[in-house]
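# A structural walkthrough
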Amino acid sequence: IPGQRRAIFRDRYVCVVSDADTPLRGNRASHEELEALPYLSGWFGDEVRTHVDDGLAEAGIQVRCVQTAPGLLALPFLVPGTQMYAFVPERLVKHWHPLNAEEAGLRWLLDVLGEIGQELREEPAAEPSPA
């Protein structure tokens, strides 16, 4: 993102997949597996590259991006029921806790994100734009 940058905190990115829907098994995926599976990317603007974009490129992984979503927050909720994978900050996936599952606001948010995910799964995948 253009402008000055200043590190406030550090987090590592983790890959999220649907256990039931992807052929991946175990805690690691090979470059070949990541290149073969559809990729869900967080979008911040047409000319904006993320840390994930840079890391995948540096690792020599050519992703097959089939869908984008604004930002990173929705990504873990759009993956279930698909073979897509996404990368998100680890703190994001650790934020949800089963003790909060019955909280009304969280239930509402998960329902809305689930509906959006269903709509995205029903739409034909758009061709990825060249980077």
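Below: a short report on this structure. (Residues numbered from 1 in each chain as written. Predicted model: local features only at pLDDT ≥ 70, side-chain atom pairs only at ≥ 80, totals over all residues. Heavy atoms only, no water.)

Attention shifts here to helix α5 (residues 104–122). The terminal C-alpha atoms of α5 lie 27 Å apart, and with 19 residues this matches the ideal 27 Å at 1.5 Å per residue to within 8%. Of the residues making up α5, those classed as buried are Leu-106, Leu-113 and Gly-117. The buried residues of α5 occupy one face: seen down the axis, they fall within an arc of 45°. Exposed side chains of α5 directed beyond 90 degrees from the buried face belong to Ala-104, Trp-108, Asp-111, Glu-115 and Glu-122. Residues of α5 that are buried in the fold lie against α3 (75–78). (Helix = DSSP H or I, 4+ residues; strand = E, 2+ residues; numbered from the N terminus. Expected span 1.5 Å × (residues − 1). Buried < 20%, exposed > 50% of the residue type's maximum accessible area, 1.4 Å probe, protein only. Arc of directions from axis to C-beta. Contact = heavy atoms within 4.5 Å.)

Turning our eyes to something else, we now look at the pairing of strand β1 (residues 13–16). Of the two faces of β1, the one holding Val-14 and Val-16 is buried and the one holding Tyr-13 and Cys-15 is not buried anywhere. With 4 bridges connecting them, β1 and strand β4 (residues 86–89) associate as antiparallel partners. Bridge assignment links Val-16 to a residue of β4, and that residue is Ala-86. (Pairing = 2+ DSSP bridges.)

With that settled, consider the environment of Leu-24. Looking at the secondary structure, you find Leu-24 in the loop between β1 and α1 (31–36). Its relative accessible area of 12% is what places Leu-24 among the buried residues. For the pair Leu-24 and Leu-37, spaced 13 residues apart in sequence, the C-alpha separation works out to 9.5 Å.

The next subject is the packing of aromatic side chains. Counting across every chain of the model gives 2 aromatic pairs. Here the aromatic rings of Tyr-39 and Tyr-85 are separated by 5.1 Å at their centres, their planes lie at 45°, and the arrangement is tilted. Of this pair, Tyr-39 sits in strand β2 (residues 38–43) while Tyr-85 sits in the loop between α3 and β4, and the two are 46 residues apart along the sequence. Tyr-85 matches Tyr-39 in its accessibility class, with the two residues each being buried. A ring pair is formed by Tyr-85 and Phe-87, whose centres lie 6.0 Å apart and whose planes are at 90°; its orientation type is edge-to-face. (Phe/Tyr/Trp six-rings, centres within 6.5 Å; stacked < 30°, edge-to-face > 60°.)

Of all hydrophobic cores here, the largest spans 13 residues; its most connected members are Val-16, Leu-40, Leu-75, Leu-78, Val-79, Ala-86 and Val-88. Among the elements of the structure, β1, β3 (64–70), α3 and β4 are those that each provide at least two residues to this core. Counting 10 residues, the second largest nonpolar core, distinct from the first, contains Leu-34, Leu-37, Ile-61 and Phe-87. (Core = buried A, V, L, I, M, F, W, Y, C linked by side-chain atoms within 4.5 Å.)

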